[in-house]
Structures are given as structure tokens and as C-alpha cells.
Amino acid sequence: MKKGYRELLDEANAEIEVVSPEEAAGLLEDEGTIFVDLRDPREVERDGRIPGAEHVTRGMLEFWIDPESPYHKPFFASGKSFVFFCAGGWRSALATKTAQDMGLSPVKHILGGYTAWKAAGLPVEPGDKKK
Ligand SMILES: O=S(=O)([O-])[S-]
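Residues numbered from 1 in each chain as written. Predicted model: local features only at pLDDT ≥ 70, side-chain atom pairs only at ≥ 80, totals over all residues. Heavy atoms only, no water.

The name given to the chain in an unreviewed UniProt entry is Rhodanese-like domain-containing protein, with Mesorhizobium erdmanii as the source organism.

Dropping the structure here:
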């Protein structure tokens, strides 16, 4: 490998902001913060979701963020703060770095992801339930 996943994660983590699940939970009711769930749809269905989180497949992330893209999602241009998460914090670290490089700001991600969120006993809802 020219650059393996560990190096990519190290590079990302050196540049992005990380929050604990508990810190992130303090933002859940904040109207100025949007939670972005980067897990695959099957993971969301199987494991549940953080209430109110927008679901964004990682494959579409750049296209949903960029206002010039035909796939742009207006919530990314809302001027709000963003809290990214995945299952364990790896995908969200890379996605947060990408979003930050694109100019999305402020954006941070949850240390340990949804797994840590759930383990901390923080609010979840069934994945098949629409928010
Ligand atoms: O969700 S993940 O951290 O396993 S990529």
C-alpha cells in the first residue's frame, strides 16, 4: 500500500475535531446542529439510529455537500454545525476530514461512533422509524 488506512486515519485525526458521545449528546436538542449518520442503510435498519440524524451514505457525501453538484442537499448549506458519526469512528473520521477540506464548517465527529453512543446509554430509536 502506498498509504494504508491507519495513515489515512492518523492524518484525518490530526486535523479534525472529535467529541465524546456525551459531549455530542449535549448538542442533540440544539437547533443549530445537524447530526450526520454515515453508516450503511442496513446498519441503520439493524442497529437503530440517533434521533433526528440525517442519513448520508458515505459514497454520496461530497456530492451532497457541494452546492454546485446536482445531488446537493440544502441542509449542508444551512450554516449549521455538523456532527458526523458512523459505527465506530473510522468512516466518520475520514468523512469529517473530507467535509472539512471541502469547506464545511464547523464539523466534528463522535469518538467511537454509534457503538460508543449506544454503550453510553444515550438516546436511540429503531432504524426503520422515520424521523
Ligand atoms: O464504523 S467504522 O468505524 O467501523 S468504519
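### A look at the nonpolar core
Grouped together as the largest cluster of nonpolar side chains are 16 residues, with contacts concentrated most on V36, L61, F75, F76, F82, F84 and L104. Listing elements by their share of this core, those giving two or more residues are β2 (33–37), α4 (61–65), β4 (81–85) and α5 (90–102). Counting residues per element, this core draws most heavily on α4, at three residues. V19, F35, A53 and V83 belong to the second-largest nonpolar core, a separate cluster that totals twelve residues. (Core = buried A, V, L, I, M, F, W, Y, C linked by side-chain atoms within 4.5 Å. Buried < 20%, exposed > 50% of the residue type's maximum accessible area, 1.4 Å probe, protein only. Helix = DSSP H or I, 4+ residues; strand = E, 2+ residues; numbered from the N terminus.)

### A short note on the site of the ligand
Residues in contact with the ligand, as listed here, are C86, A87, G88, G89, W90 and R91. Between an oxygen atom of the ligand and a main-chain N or O atom of G88, the distance comes to 2.9 Å. R91 is positioned with one of its side-chain polar atoms (N or O) 2.9 Å from an oxygen atom of the ligand. Taken by itself the ligand offers 220 Å² of open surface, and the protein chains cover 74% of this. (Near = heavy atom within 4 Å. Polar contact = N/O pair within 3.5 Å; in protein donor to acceptor, adjacent residues only side chain to side chain. Areas by Shrake-Rupley, 256 points an atom, 1.4 Å probe, with all protein chains shown as cover.)

### Concerning α5
Residues that lie three or four places apart on an α-helix share one face, since the helix turns once every 3.6 residues. Given a rise of 1.5 Å per residue, 13 residues ought to cover 18 Å, and the 19 Å separating the end C-alpha atoms of α5 matches this to within 8%. All of the buried residues along α5 are S92, A93, A95, T96, K97 and A99. Looking at the packing, one finds that the buried side of α5 touches α1 (5–13), α4, β4 and β5 (107–110). Downstream of α5 by one or two residues, G103 has phi in the positive range, about 110°. (Expected span 1.5 Å × (residues − 1). Contact = heavy atoms within 4.5 Å.)

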